[in-house]
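Observations on chain architecture
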Amino acid sequence: MTDTSVKEAGSRPAGMAAPGSRALGSALPRILMNSGLAQILIALVLPVAIVTIWQLAGTNGSLFGGVLPTPDRVVSAWWTWAFGAKGMGLNPYSGTWLANVIFSTERVAEGFLVAILVGVPAGIWIGWSRLGAQILDPTVQMLRPIPITAWLPFSLAVFGISGFSAIFLIALGAFYPIVINTTQGARHVERNLVRAALMMGAGRLDILRRVVLPAALPAIFTGLRIGLGIGWTAVIVSEMIAVKSGLGYVLWDAYYVGRMDVVIADMVSIGVMGLLSDQLILLAERWALSWRLAGAR
Amino acid sequence: MAEIALRKVAKTYFSATPVRALESVDLDIAEGEFVALLGPSGCGKSTLLNILAGFEGSSEGSALIDGGAIGRPGPDRGVVFQEAALFPWLTVWENVVFGPKMQGLPKSEYEGRARELLATVGLKDFAQSYPAQLSGGMRQRVGIARVLVMQPRALLMDEPFGALDAQTRMAMQELLLTVWEKLNTTVVFVTHDIDEAILLADRVFVMTARPARIGREIAITLPRPRSIDDLTSPEFTRYKAEIMAEMRSAHHQAETA
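Computed from a predicted model, the values in this text were never measured in an experiment. (Residues numbered from 1 in each chain as written. Chains lettered and ligands numbered in written order. Predicted model: local features only at pLDDT ≥ 70, side-chain atom pairs only at ≥ 80, totals over all residues. Heavy atoms only, no water.)

What follows is about the side chain of A:E239. Residue and element names in this part refer to chain A. Mapped onto the elements, E239 comes out in helix α11 (residues 204–241). For E239, a relative accessible area of 0% corresponds to the buried category. In this structure the side chain of E239 is engaged in a polar contact, spanning 2.7 Å, whose partner is the side chain of R107. Setting aside residues no more than four positions away along its own chain, E239 makes contact with F103, S104, R107, S245, G246, L247, G248 and Y249. (Helix = DSSP H or I, 4+ residues; strand = E, 2+ residues; numbered from the N terminus. Buried < 20%, exposed > 50% of the residue type's maximum accessible area, 1.4 Å probe, protein only. Polar contact = N/O pair within 3.5 Å; in protein donor to acceptor, adjacent residues only side chain to side chain. Contact = heavy atoms within 4.5 Å.)

The subject of this paragraph is the UniProt feature "domain: ABC transmembrane type-1" (unreviewed entry) in chain A. Under the UniProt annotation, "domain: ABC transmembrane type-1" (unreviewed entry) lies at residues 101–281 of chain A. Within the segment residues 101–281 of chain A, helix and strand shares are 85% and 0% respectively, and the terminal C-alpha atoms sit 19 Å apart. (UniProt positions renumbered as here; feature names shortened; annotations may be inferred.)

By a widely used convention, the size of an interface equals the accessible area lost when the partners come together. Residue and element names in this part refer to chain B. Assigned domains of chain B: these are domain 1 (4–76 + 154–256) and domain 2 (86–151). Each of domain 1 and domain 2 has a C-alpha centre, and the two are 25 Å apart. At the interface, 12 residues of domain 1 touch 11 residues of domain 2. Roughly 940 Å² of surface becomes buried between domain 1 and domain 2 when both sides are summed, with 84% attributable to carbon and sulfur atoms. Per-residue buried area on domain 1 facing domain 2 is highest for P75, M172 and L175; these three make up 44% of the total on that side. The interface formed by domain 1 and domain 2 contains zero salt bridges. Summed over the shared surface of domain 1 and domain 2, the number is one residue pair in polar contact (both at pLDDT 80 or more). When residues of the side of domain 1 that touches domain 2 are traced back to their parent elements, those giving at least two are β7 (154–158) and α6 (166–183). Classifying every residue of the side of domain 1 that touches domain 2 by side-chain character gives 10 nonpolar, one polar and one charged. (Domains from an automatic or database assignment. Buried area = accessible area lost by both parts, 1.4 Å probe. Salt bridge = Lys/Arg side-chain N within 4 Å of Asp/Glu carboxyl O. Nonpolar A, V, L, I, M, F, W, Y, C, P; charged D, E, K, R; others polar.)

Further remarks concern the packing of aromatic side chains. All names here are of chain B. One pass over the full model with this rule turns up 19 aromatic pairs over all chains. Here F34 and F189 contribute two aromatic rings whose centre-to-centre distance is 6.0 Å and whose plane-to-plane angle is 35°, an arrangement assigned as tilted. Of the two residues, F34 is situated in strand β3 (residues 34–38) and F189 in strand β8 (residues 186–191); the sequence distance between them amounts to 155 residues. F189 gets classed as buried once you look at its relative accessible area, which sits at 0%. (Phe/Tyr/Trp six-rings, centres within 6.5 Å; stacked < 30°, edge-to-face > 60°.)

Here the focus is the pattern of salt bridges. All names here are of chain B. Tallied over the entire structure, the rule returns 23 salt bridges over all chains. For the salt bridge of E33 with R203, the shortest nitrogen-to-oxygen distance reads 2.5 Å. Residue E33 is found in the loop between β2 (19–29) and β3, and its partner R203 is found in strand β9 (residues 203–208); the two are separated by 170 residues along the sequence. Note that R77 is salt-bridged to D76, the shortest N-O span being 3.3 Å. Residue classification places R77 among the buried residues on the basis of a relative accessible area of 5%. Each member of the salt-bridge network shares a partner with another, and the members are D66, D76, R77 and R153.

This part covers the confidence of the model for chain B. For chain B, per-residue confidence averages 90 on the pLDDT scale, and 98% of positions sit at 70 or higher. Within chain B, no element has a lower average pLDDT than helix α8 (residues 234–256) of chain B, which sits at 84, and none a higher one than helix α2 (residues 92–96) of chain B, at 97. (pLDDT = per-residue confidence, 0-100.)

Here we take up the pairing of β9(B). Residues and elements named next belong to chain B. For β9, the tally of buried residues reaches six of six residues, placing the bulk of the element in the interior. Side-chain alternation along β9 places R203, F205 and M207 on one buried face and V204, V206 and T208 on a second face that is also buried. One ladder, built from four bridges, connects β3 with β9; its direction is parallel. Among the inter-strand pairings, L38 is bridged to a residue of β9, identified as V206. (Pairing = 2+ DSSP bridges.)

Turning next to the nonpolar core. Within the largest apolar cluster, 154 residues are counted, with the highest numbers of intra-cluster contacts made by A:V211, B:L37, B:F87, B:V204 and B:I243. The element contributing the most residues to this core is α11(A), with 14 residues. Residue assignment places this core across two domains, with domain 1 (4–76 + 154–256) and domain 2 (86–151) of chain B each supplying three or more. Beyond its immediate chain neighbours, meaning those up to four positions away, A:V211 contacts A:V189, A:L193, A:V194, A:A197, A:D206, B:F87 and B:W89. (Core = buried A, V, L, I, M, F, W, Y, C linked by side-chain atoms within 4.5 Å.)

Residues A:L37, A:I40, A:L41, A:L44 and A:V48 make up a contiguous nonpolar surface patch of roughly 490 Å² in combined accessible area. Here A:V48 lies in helix α4 (residues 36–57). (Patch = residues over 30% accessible without salt bridge, like charges linked within 9 Å, V, L, I, M, F, W, Y side chains within 5 Å. Areas by Shrake-Rupley, 256 points an atom, 1.4 Å probe, with all protein chains shown as cover.)

For the rest of this paragraph, the subject is unusual backbone geometry. Residues and elements named next belong to chain B. Backbone torsion omega between R224 and P225 reads -5°, so that peptide bond is classified as cis. Relative to the helices and strands, P225 is located in the loop between β10 (213–219) and α8. In this model, S24 sits at a positive phi of 40°, which is unusual for a non-glycine residue. Positionally, S24 belongs in strand β2. For A85, which is not a glycine, the phi torsion comes out positive at approximately 50°. Given the relative accessible area of 5%, A85 is considered buried.

It is worth spelling out the interface of chain B and chain A at this point. On the side of chain A, 19 residues touch chain B, which itself brings 25 residues to the contact. The interface formed by chain B and chain A contains one salt bridge. Across the pair B:E56 and A:R195 runs a salt bridge whose closest N-O atoms are separated by 3.8 Å. Connecting chain B to chain A are one residue pair in polar contact (both at pLDDT 80 or more). In the side of chain B that touches chain A, the residues fall into 16 nonpolar, six polar and three charged.

Take the UniProt feature "transmembrane region" (unreviewed entry) in chain A next. All names here are of chain A. UniProt records the feature "transmembrane region" (unreviewed entry) at residues 36–57, 77–99, 111–128, 148–179 and 256–276, using the numbering of this structure. Annotated as residues 36–57, this span is 100% helix and 0% strand, and its ends, taken at the C-alpha atoms, are 32 Å apart. Along residues 148–179, the helical share is 78% and the strand share 0%, with 16 Å between the first and last C-alpha atoms.

Residues and elements named next belong to chain B. Ordered by their spatial adjacency, four strands build an open sheet running β2-β1-β4-β5, and the pairing between neighbours is antiparallel. Each of the sheet's edge strands pairs with one partner strand only, and the pair in question is β2 and β5 (68–69). Of the pairings in the sheet, the one linking strand β4 (residues 60–65) to β5 comprises two bridges and is antiparallel in character. Note on β5: the bridge partner recorded for L64 is A69.

Pasting the structure below:
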């Protein structure tokens, strides 16, 4: 289980933050620091400070000579964007937020799904079978250094200005971390687990499905989280150029017409969606790997 | 129940420098017999067990079970591993019924037996626990139950209690004796613990190291049923002295060879 450290670092519960705070001496502050509410409050200090300074630095709703809007302008731009009346297409930044969020999220979901459906079996094959490694791995390793941004023109030429273009880039970007982590997981299955399964009469497919896949699952989830992050990068990049809808399209469009308030509201929206989708994966991971947490008490 | 025969079995691992792990092993194990392979760690006794299990092939000679060549691993030869090797993502119950399920047996045929075995090894109340929630001894009891549920012809045990503390180990040895006396399955038990070998086996084979071969065979005629109380009997001590002398001379031979 090579990924233990990665996983545990990512999901370290509140109670484990103790070492640093021990320096504070008495037990009372330590308990306060470790409570859930205190954790949230501490986490909010820096963002609140940044937003406050940003707000105070501006005059008349803007700073840097009008280059950037202040946070209150961003919030009101977002409010209109989210809840304003749809102006028959005359104002693209009124009442269209949800539709664009859905456009992007759908593309990420579809591309991500393709990446999982291709990446996990491919990774299991590469990690488990020598033949699979010989056939697939060199090609994967040769294609991997090409950044997804470099695939944009290719994708445009093949799929045109359409959602497929975005989905292709998302799937490709998410595929690499998924396939590589799955490979690692499948490669390091404990030998005696496989032997035990063989001894109990398991066939080749049983071994893959009931031993290699579950044994690789912790590593696969690491790949999924990284892949999803790349998926959000890919959707924004491709919507900026290859598609005429979604958060990435609005981001670029708003920049062109000088609506930096919408640009920033859009950025925050992307961040929130990325965070939410990551939490979704974490939730799925906690469910699928409950057997691992069982021993931790 | 099975008869096991090894004829001039040898094993060489072809790495950068070829390693001779086993040298011309001849071994006959009768049906229902309990045999212990005793030797220092890394002497090749596990290799022998892996050949019997079908995990590895032999380089020379033949390994037979009931007169037929030993092939791929299968449920007729139940293996108990040193660290239990349970599937951590399955509950105790799912681990125990894994074998029968893989063989496509109908539930009615194995569920009662599995429940009974869990009770026998004292884990009735832990059926829904995951291996990570169990102690080492409990895990090994699951490892034994999941093998016995398949009603194997032979039990191959690779230092199954080696990682347990002394107290747990003794409890496990008694449990194994009780279970075995009821089932009378052929058992090949690999260990480096002299007491364990004498307490459990009908015959102890003392193995020499590098390459492993069978140095001497010592028949243990202590009456059955045995218990850990036998560990302090004079006959037991006599066997122990004999085996220790044998192991010392085997070690000496290996050093001077």
